[in-house]
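# Structural overview for review
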Amino acid sequence: GKIKLINPSIGGQADRQYLYYSPDKKTTSVHRVIADIFCPDFWTNTGKLRKGERLEAHHCDKQNMHNVWWNIVLLPSGLHAAIHRIKSMKLLKDGKMVEYQNPLEILLETGLSLEEIIAPEKCKGTKRLKAQGGYTVYSIKGHVLAYKYYPKKKKSKAE
């Protein structure tokens, strides 16, 4: 019945530090709380979330401590993994390629789904165009998007 302020603690993996809060001994990350409160969930109530898949909060600018609502997007785990392979994402707008960090901005500009924006290679009606300048280019429902991907990690002999 009383309001209690909870001090954050830093945790997570060595390469991914996050702020956490622990009310009632249940640890919750700040970015997940912000995502649950402020970010749209396009999957849970539409039946698009696959069985066993969960929603994850993604930092669009790749800065894990930058926990503002406009920098976080809520994604199913498969799309969250896919967006981490994208180094740069551009949309052809008014004859120029414009870079975007947040896929929701492209969604607003084009009406494309997040699935089409983040993983175009897996969507019907997507046409791969000639790559230019290190980018893979797609035509998706009349919109031209270009992606620069991080190089694939080489598997070690142990794998």
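As a starting point, this report considers the structure included with it. Everything quoted here is computed from the prediction, not taken from an experiment.

So, about the side chain of His-80. Note on placement: His-80 falls in helix α2 (residues 77-83). The class of His-80 is buried, set by a relative accessible area of 12%. Among the polar contacts listed, one links the side chain of His-80 to the side chain of His-58, at a separation of 3.4 Å.

This brings us to the packing of aromatic side chains. For the structure on display, the rule yields 3 aromatic pairs. Measuring from centroid to centroid gives 5.8 Å for Tyr-138 and Tyr-147, while their planes differ by 70°, and the two rings are edge-to-face. Tyr-147 shares its class with Tyr-138; the two are buried. Note on Tyr-147 and Tyr-149: the rings are 5.9 Å apart at their centroids and 15° apart in plane angle, and the pair reads as stacked. The class for Tyr-147 is buried, based on a relative accessible area of 0%. Judged by its relative accessible area of 28%, Tyr-149 falls in the partly exposed class. Taken together, the ring pairs connect Tyr-138, Tyr-147 and Tyr-149 into an aromatic cluster.

Moving on to the nonpolar core. If you look at the biggest cluster of nonpolar residues, it comprises 31 residues, and the most contacted ones within it are Leu-75, Leu-114, Ile-117, Ile-118, Leu-145 and Tyr-147. Take this core: its biggest share by element is 4 residues, from strand β5 (residues 72-76). Aside from chain neighbours lying at most four places away, what touches Leu-114 is Phe-42, Trp-43, Val-73, Leu-75, Leu-79, Pro-103, Leu-104, Leu-107 and Ala-119.

With that settled, consider the state of the cysteines. In total, this model carries 0 disulfides according to the counting rule given. Here Cys-39 is not disulfide-linked; the sulfur of Cys-60 is the nearest cysteine sulfur, at 8.3 Å. On the accessibility criterion, Cys-60 (4% relative accessible area) is buried.

The rules behind each value
- Residues numbered from 1 in each chain as written.
- Predicted model: local features only at pLDDT ≥ 70, side-chain atom pairs only at ≥ 80, totals over all residues.
- Heavy atoms only, no water.
- Helix = DSSP H or I, 4+ residues; strand = E, 2+ residues; numbered from the N terminus.
- Buried < 20%, exposed > 50% of the residue type's maximum accessible area, 1.4 Å probe, protein only.
- Polar contact = N/O pair within 3.5 Å; in protein donor to acceptor, adjacent residues only side chain to side chain.
- Phe/Tyr/Trp six-rings, centres within 6.5 Å; stacked < 30°, edge-to-face > 60°.
- Core = buried A, V, L, I, M, F, W, Y, C linked by side-chain atoms within 4.5 Å.
- Contact = heavy atoms within 4.5 Å.
- Disulfide = S-S within 2.5 Å.

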